[in-house]
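One-letter residues, chain by chain:
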Amino acid sequence: MAFVITEACISEKAADCADVCPVDCIQEGDDQYFIDGDLCIDCGACEAACPVGAIYYEDDLTEDRQIYLDKAKQFFSHN
Ligand code: SF4
């Protein structure tokens with residue numbers, strides 16, 4: 001399980017999450033930031049730090065936000 005960054009990050013990219021992540025598993029993509037689910041330790045620091053509420057625990061993602069989990073997996077498979 002991991003935390004996932006969703007649509008509110010697009011065009012916002014505040015990067016507060018990347019600053020607070022203790023394991024440095026958040027990377028900048030073209031249109032948003034992404035969390036590497038293989039490295040995330042589920043600490044929740046990024047969720048609390050995000051100024052636009054873009055970050056959710058994987059289990060709490062609504063159906064329409066599942067695509068952001070797939071988008072993150074795709075991002076890290078290419079990086
Ligand atoms: Fe990093 Fe913690 Fe957020 Fe996972 S939950 S991405 S470890 S800050």
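You'll find the structure just up there.
Scope of this entry: the structure provided in the associated data block.

Basis of the calculations
- Residues numbered from 1 in each chain as written.
- Predicted model: local features only at pLDDT ≥ 70, side-chain atom pairs only at ≥ 80, totals over all residues.
- Heavy atoms only, no water.
- Phe/Tyr/Trp six-rings, centres within 6.5 Å; stacked < 30°, edge-to-face > 60°.
- Helix = DSSP H or I, 4+ residues; strand = E, 2+ residues; numbered from the N terminus.
- Buried < 20%, exposed > 50% of the residue type's maximum accessible area, 1.4 Å probe, protein only.
- Near = heavy atom within 4 Å.
- Nonpolar A, V, L, I, M, F, W, Y, C, P; charged D, E, K, R; others polar.
- Polar contact = N/O pair within 3.5 Å; in protein donor to acceptor, adjacent residues only side chain to side chain.
- Disulfide = S-S within 2.5 Å.

**So, the packing of aromatic side chains**
In total, this model carries three aromatic pairs according to the counting rule given. Pairing Phe 3 with Tyr 57 gives two aromatic rings, centres 5.2 Å apart and planes at 55°, and the pair type is tilted. Taken together, the residues Phe 3 in strand 1 (residues 3–5) and Tyr 57 in strand 4 (residues 55–57) connect sequence positions 54 residues apart. For Phe 3, a relative accessible area of 8% puts it in the buried group. Relative accessible area serves as the criterion here: at 23%, Tyr 57 is assigned to the partly exposed category. A ring pair is formed by Phe 75 and Phe 76, whose centres lie 5.0 Å apart and whose planes are at 90°; its orientation type is edge-to-face. Take Phe 75: its relative accessible area is 15%, and that puts it in the buried class.

**A short note on the site of the ligand**
Taken together, 14 residues lie near the ligand, and Cys 21, Cys 40, Cys 43, Gly 44 and Cys 46 sit nearest. Class assignment for the residues of the shell around the ligand results in twelve nonpolar, one polar and one charged.

**Topic: the side chain of Gln 32**
Looking at where Gln 32 falls in the secondary structure, it is placed in the loop between strand 2 (26–28) and strand 3 (33–35). Of note is the side chain of Gln 32, whose polar atom sits 3.0 Å from the side chain of Lys 71.

**Concerning the state of the cysteines**
All chains considered together, the criterion is met by zero disulfides. With no disulfide of its own, Cys 50 lies closest to Cys 17 among cysteine sulfurs, the gap being 6.6 Å.

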